[in-house]
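# Remarks on the overall topology
Spelled out from the first residue to the last, the chains are:
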Amino acid sequence: MATFDQIIIRVRQQLQGYTLSQASVSELAAPMSAADTSFQCDASTVTNLSRGLVEIDDELVLVKTFDATSGVVSVMGLANGRGVEGTTAASHAAHALVTSDPAFPRQRIKEAINDTVTGLYPHLVVFSTTEITYNAAQVEYELPADVDDVWYVVARTVGPSKVSQPMPDWRYNPKARTADFISGKSIQLFDAITPGQPVRIVYAKPPAPLVAGSDDFAVTGYPSRMTDLVVYGALKRLLPALESARLQQQAVEATERAPLVPPSSAAKAVNLYASLYAERLEEERALMFAEIPNYAMFQGS
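What this report covers is the structure whose coordinates are included nearby. (Residues numbered from 1 in each chain as written. Predicted model: local features only at pLDDT ≥ 70, side-chain atom pairs only at ≥ 80, totals over all residues. Heavy atoms only, no water.)

## Section: the overall build of the chain
Each helix and strand in the chain was counted, giving six helices and 14 strands. Against the globule reference of 19 Å for 301 residues, the chain gives a C-alpha radius of gyration of 26 Å, more extended than a compact globule. Projecting the C-alpha coordinates of the chain onto the three principal axes gives extents of approximately 85 × 45 × 35 Å. Looking at the chain residue by residue over its 301 residues, the buried ones come to 38%. (Helix = DSSP H or I, 4+ residues; strand = E, 2+ residues; numbered from the N terminus. Rg over C-alpha atoms; globule rule 2.2 N^0.38 Å. Buried < 20%, exposed > 50% of the residue type's maximum accessible area, 1.4 Å probe, protein only.)

Structure follows, in structure tokens:
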């Protein structure tokens, strides 16, 4: 199972090629706190940095100047130059890589991955279960707060057969009275169920985002085989930025590359990954219905 960090690497490799781009990189020679307005890089490689944006872990920092002798780098705007472009000022350990002007900041890649994960719902759902004990005097029962829809309901039959029979006559109530049900979600059961028998409710819920770099993909609730689907989705979200960059020629690199890279090249790449994404999405939808059959025949009474 891939971790968040491993998925980020896969996306970056697809964006920049498997050999990666030869970015200008240095490293921290000493730890850096979230409040520091200067930091020390390796003196032998500090000249690889330039004035402007640098990336340290997930944070983007604005560099003002650097001392090639000592390796001390000054932050532009003091504290205002920390955690720029929507990133968060954080502490960094010694030897953390310092990348000058990253083409695709790590924070943007993380956002694209999580946007893809959350965007898969409701096309692909995460399944969970809850069980209740049927009470003959009760029709409505509380459901967990994370329920977004009920997939199917089965109840145990009386006797040694241990059969869980699909229940066709139920109604999901997403706006239940919180005075009766704290979660605000409930299910109404209208089938003839023997009192005291367990009723299992399989329900759908949205996926969870990835947070820490060490988070396993399983945190989302999706199976590991869907990692490539998320990679394709992140790529089709990130690549349009390259097409937008062609509209301005302020950077020397952009000016030099413009005649060599035909217009709409990035758009064609986006279409390629969008096609791969759509193909994998349909495959996963077919697998979802095959693996978790929906027993619902009639909902509501």
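Once the structure has been displayed, the description carries forward.
## Some points on the packing of helix H1 (residues 4-16) against helix H3 (residues 227-238)
Following both chains from N to C, one finds H1 and H3 inclined at 50°, their axes separated by 10 Å at the closest point. When the axis of H1 is compared with that of H3, the two are oblique. Read as a crossing pair, H1 and H3 show a hand that is right-handed. Side by side, H1 and H3 meet where Ile7, Arg10, Val11, Gln14 and Leu15 of the first sit next to Thr227, Asp228, Val231, Ala234, Leu235 and Leu238 of the second. Taken together, the residues that form the contact of H1 with H3 break down as seven nonpolar, two polar and two charged. (Axes fitted to C-alpha atoms, helices over the stretch in contact; angles between N-to-C directions. Parallel < 35°, antiparallel > 145°, perpendicular 65-115°, else oblique. Left-handed = near helix turned anticlockwise from the far one by under 90°. Contact = heavy atoms within 4.5 Å. Nonpolar A, V, L, I, M, F, W, Y, C, P; charged D, E, K, R; others polar.)

## Re the environment of Gln197
Checked against the element boundaries, Gln197 lands in the loop between strand S12 (186-189) and strand S13 (198-205). Residue classification places Gln197 among the buried residues on the basis of a relative accessible area of 17%. Along the chain, Gln197 and Tyr152 lie 45 residues apart, while their C-alpha atoms are 17 Å from each other. Setting aside chain neighbours within four positions, we find Gln197 in contact with Ile132, Thr133, Tyr134, Arg156, Thr157 and Val158. Side-chain polar atoms of Gln197 contact the backbone oxygen of Arg156, separated by 3.3 Å. (Polar contact = N/O pair within 3.5 Å; in protein donor to acceptor, adjacent residues only side chain to side chain.)

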